[in-house]
Number of protein chains: 2
Amino acid sequence: MVRIGVVGYGTIGKRVVDAISKQDDMNIVGIVKTKPDYEALIALSKGIDVYTLPERIKLFEEKEVEVKGTIDDLIQKCDVIVDATPGGIGVRNKNQYYLKHDIKAIFQGGEKVNVADVSFVAQANYEEAVNKRFIRVVSCNTTGISRILATFIENGLEIEKARVFIVRRGADPKEYGKGPINDIVLNPATIPSHHALDVKTIIPNIDIVTMAVAVPETLMHLHMMYITFSESISKNEILDILYRTPRIIVVESEMGFNSISQVIEWARDIGRIRYDIPENIVFKESITVDGKELYFFMAIHQESIVIPENIDAIRASLNMLSKWESIRKTDYSLGLIQEGKMYGE
Amino acid sequence: MVRIGVVGYGTIGKRVVDAISKQDDMNIVGIVKTKPDYEALIALSKGIDVYTLPERIKLFEEKEVEVKGTIDDLIQKCDVIVDATPGGIGVRNKNQYYLKHDIKAIFQGGEKVNVADVSFVAQANYEEAVNKRFIRVVSCNTTGISRILATFIENGLEIEKARVFIVRRGADPKEYGKGPINDIVLNPATIPSHHALDVKTIIPNIDIVTMAVAVPETLMHLHMMYITFSESISKNEILDILYRTPRIIVVESEMGFNSISQVIEWARDIGRIRYDIPENIVFKESITVDGKELYFFMAIHQESIVIPENIDAIRASLNMLSKWESIRKTDYSLGLIQEGKMYGE
């Protein structure tokens with residue numbers, strides 16, 4: 001059993017911990033938290049050991065929240081660290097803690113590209129991450145875009161141009177102090193947004209441009225996709241590819257899916273924990289083909305889409321399984337597989 | 001002086017009345033309202049005569065709101081009617097009232113194309129509307145798109161493809177009962193949205209596709225524009241064209257414009273009535289050129305963008321002035337002209 005420590009227990013960290021607890025080839029040794037708050041108590045109540053930074057030990061003791069030791073203590077007991085701290089903290093942790101230990105680490109998309117040896121989206125470039133010491137799982141929108149573009153490429157379609165117009169959620173549900181309210185914010189005002197550059201760290205040489213705005217909504221991101229292939233395609237060809245690819249779900253307007261809140265309601269109704277949706281959601285009726293050109297709407301759940309990538313990144317870093325073996329194992333364990341869905345193997 | 005009646009006194013109607021009152025070549029004879037509400041009282045307090053439907057006269061008398069007569073009475077005193085009723089009512093008014101009188105009429109974009117002899121955006125096709133009996137001013141997003149595409153065409157650029165990704169305001173400020181809240185709604189789930197088809201009523205033969213979503217925000221629409229020309233262009237060429245074109249304002253991120261709420265705040269600060277912005281707002285830093293391809297963000301104020309078009313449509317219907325004479329006169333009267341701005345004449 002591979003031993004994992006998770007540094008940071010926020011939006012991504014707590015989901016990674018839950019996902020690891022469902023794997024039969026890895027164990028959670030503990031987490032690192034900086035604050036003795038309700039999230040620390042939830043972790044303890046789940047039987048997870050809590051560690052903290054050396055300077056924070058006293059704070060935990062004062063609040064009488066049980067703490068097992070320092071981040072260095074945790075690292076010494078682990079094979080891989082998943083660093084799920086906010087952007088910019090991961091690189092500090094790398095320099096201060098990870099480099100001096102014999103440890104591998106997975107970083108998140110908030111870190112700069114050069115924090116790691118490779119940026120990672122399982123379906124796109126699993127093999128490149130095999131045995132690497134430092135791996136960076138890219139951010140939610142980049143993961144969603146890379147996953148679907150890699151799917152087309154892997155199925156033999158040549159992409160001439162990808163143009164993606166992103167309507168971002170303004171904040172995550174728990175970010176009570178963050179905007180916008182009653183606004184559409186250019187995010188950023190310049191073009192391209194960082195997503196295009198980040199996709200190129202996963203799929204080099206692709207001609208991609210992204211534009212993004214942020215809106216007053218917390219549920220999911222919405223992508224307006226416009227892809228030009230080098231040759232004509234058909235709607236059925238696209239549907240066939242999407243239907244047989246894991247981590248992509250095609251929903252139908254006819255069945256009541258016309259907005260992201262309806263997708264979230266579906267996830268709540270089928271009992272998904274925290275209504276998480278780690279799959280790309282493609283709206284079937286929007287798939288529109290005109291010669292070489294393809295248009296569709298795609299929704300991305302910002303809080304959970306990178307969770308399967310984190311699990312796969314652990315397996316790649318230790319060369320535990322091959323690409324599709326890992327993807328299949330992760331998806332089964334997280335309950336992502338749907339009846340009648342085939343793999344893109 | 002040309003005599004105008006305005007049927008409907010909602011979002012568009014009240015703005016058209018205010019705009020007509022600023023013209024020196026046309027007069028408001030009266031308006032038609034169906035309800036004796038606070039908006040009727042505001043009209044009366046401005047000295048505007050109120051008419052109503054025959055079956056509503058009694059209701060006005062009961063509420064002791066002064067009413068001058070029926071819609072037929074108003075039409076007999078007018079040269080042109082501006083019909084600013086909700087979509088679908090205009091065509092009923094045409095069949096029930098306008099056709100039997102010797103009257104010209106301007107309809108709004110909520111009506112179907114065949115309600116009128118011509119669809120209208122002043123900068124794009126003023127001449128086609130000259131002396132026409134029935135003219136349809138297209139809807140807000142279509143007006144904004146047609147205005148800017150026509151500007152490029154008139155300045156000698158050949159458009160190969162226009163792809164527009166529209167983030168629509170969920171409701172107007174006064175529509176308290178309309179959604180969405182915390183959602184992004186496919187609007188519609190199919191592609192193209194009606195805007196592409198509607199632009200073709202103004203600029204035939206253009207290769208245009210539009211996709212639209214609606215978000216929880218009431219201030220303006222936001223367009224992500226992606227235009228391919230038949231030949232390479234430069235950023236300066238685009239800026240030069242936009243700077244010298246009326247009804248288009250280029251705002252700078254550097255000066256604090258990074259979202260639509262900041263554009264609205266500017267309109268409030270300079271004292272625009274109802275913070276109306278009948279101009280297309282283009283965000284300078286977003287203008288991005290790559291060979292033949294052009295990208296930029298554009299904001300459209302849904303409540304006021306068609307107001308200058310309604311005034312110009314009146315002049316076209318009666319052949320009162322030529323295209324640029326009318327546009328110039330309308331813009332001066334409404335205070336749209338900015339120091340140092342040249343006309344596209």
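The rules behind each value
Residues numbered from 1 in each chain as written. Chains lettered and ligands numbered in written order. Predicted model: local features only at pLDDT ≥ 70, side-chain atom pairs only at ≥ 80, totals over all residues. Heavy atoms only, no water. Helix = DSSP H or I, 4+ residues; strand = E, 2+ residues; numbered from the N terminus. Rg over C-alpha atoms; globule rule 2.2 N^0.38 Å. Contact = heavy atoms within 4.5 Å. Areas by Shrake-Rupley, 256 points an atom, 1.4 Å probe, with all protein chains shown as cover. Lys, Arg positive; Asp, Glu negative; His and termini not counted. Charge placed at Lys NZ, Arg CZ, Asp CG, Glu CD. Pairing = 2+ DSSP bridges. Buried < 20%, exposed > 50% of the residue type's maximum accessible area, 1.4 Å probe, protein only. Least-squares fit on C-alpha atoms with pLDDT ≥ 70 in both. Right-handed = clockwise from strand over helix to strand, strands pointing away. Axes fitted to C-alpha atoms, helices over the stretch in contact; angles between N-to-C directions.

Each helix and strand in chain A was counted, giving twelve helices and 16 strands. Its C-alpha atoms give chain A a radius of gyration of 20 Å, within 12% of the compact-globule value 20 Å for 345 residues. Dimensions of chain A along its principal axes, counting C-alpha atoms only, are 65 × 45 × 40 Å. Taking the contacts inside chain A whose residues are at least 6 apart along the sequence as the reference set, 71% of them involve residues at least 24 apart. Accessible surface, chain A: about 13300 Å² in total, of which carbon and sulfur atoms supply 48%. With 41 positive and 48 negative side-chain charges, chain A shows a spacing of 4 Å between the two charge centroids.

This part is about the sheet that holds strand E2 (residues 26-32) of chain A. Strand pairing in a sheet relies on backbone hydrogen bonds. The paired strands run either parallel or antiparallel. Residues and elements named next belong to chain A. The sheet built from eight strands is open, its strands ordered E4-E3-E2-E1-E5-E6-E8-E7 with parallel pairing. The sheet is open, and its two edges are formed by strand E4 (69-70) and strand E7 (118-120), each paired on a single side. When E2 meets strand E3 (residues 50-52), the two strands line up parallel, connected through two bridges. What sits directly across from Val32, in E3, is Tyr51.

Structurally, the α-helix is built with 3.6 residues per turn, so residues lying three or four positions apart point the same way. Residues and elements named next belong to chain A. The element helix H1 (residues 11-20) is extensively covered by neighbouring structure, given that ten of its ten residues are classed as buried. Those residues of H1 that fall on the buried side of the exposure criterion are Thr11, Ile12, Gly13, Lys14, Arg15, Val16, Val17, Asp18, Ala19 and Ile20. Tucked inside the fold, the buried residues of H1 contact strand E1 (2-7), E2, helix H2 (38-45), strand E5 (80-83), helix H11 (307-317) and helix H12 (323-334).

If you rotate chain B by 180° and push it 0.0 Å along the axis, it lands on chain A with an RMSD of 0.0 Å. A rotation of that kind, with that shift, is consistent with a two-fold axis. Distance from the rotation axis, computed per C-alpha, reaches its smallest value in chain B at Pro216 of chain B: 3.0 Å. In this assembly the copies share their binding face: 100% of the residues contributing to the interface of chain B also contribute to that of chain A.

The subject of this paragraph is the pairing of strand E6 (residues 104-107) of chain A. Residues and elements named next belong to chain A. The two faces of E6 match: Lys104 and Ile106 on one face and Ala105 and Phe107 on the other face are all buried. Of the pairings in the sheet, the one linking E5 to E6 comprises three bridges and is parallel in character. From the neighbouring strand, Ile81 faces E6, where its bridge partner is Ala105. Following the backbone out of E5, through helix H5 (residues 89-98) and into the adjacent parallel E6, one traces a crossover that is right-handed. Alignment of E6 against strand E8 (residues 134-137), held across three bridges, turns out to be parallel.

Residues and elements named next belong to chain B. On the basis of which strands lie adjacent, the open sheet formed by eight strands has the order E4-E3-E2-E1-E5-E6-E8-E7 and parallel pairing. Each edge of the open sheet is held by one strand with a lone partner, namely strand E4 (69-70) and strand E7 (118-120). Looking at chain direction, E7 and strand E8 (residues 134-137) are connected through three bridges and run parallel. Within E8, the residue paired with Val118 across the bridge is Ile135. In this fold helix H6 (residues 122-129) packs onto E7 and E8, with an angle of close to 150° to the strand it touches most, E7.

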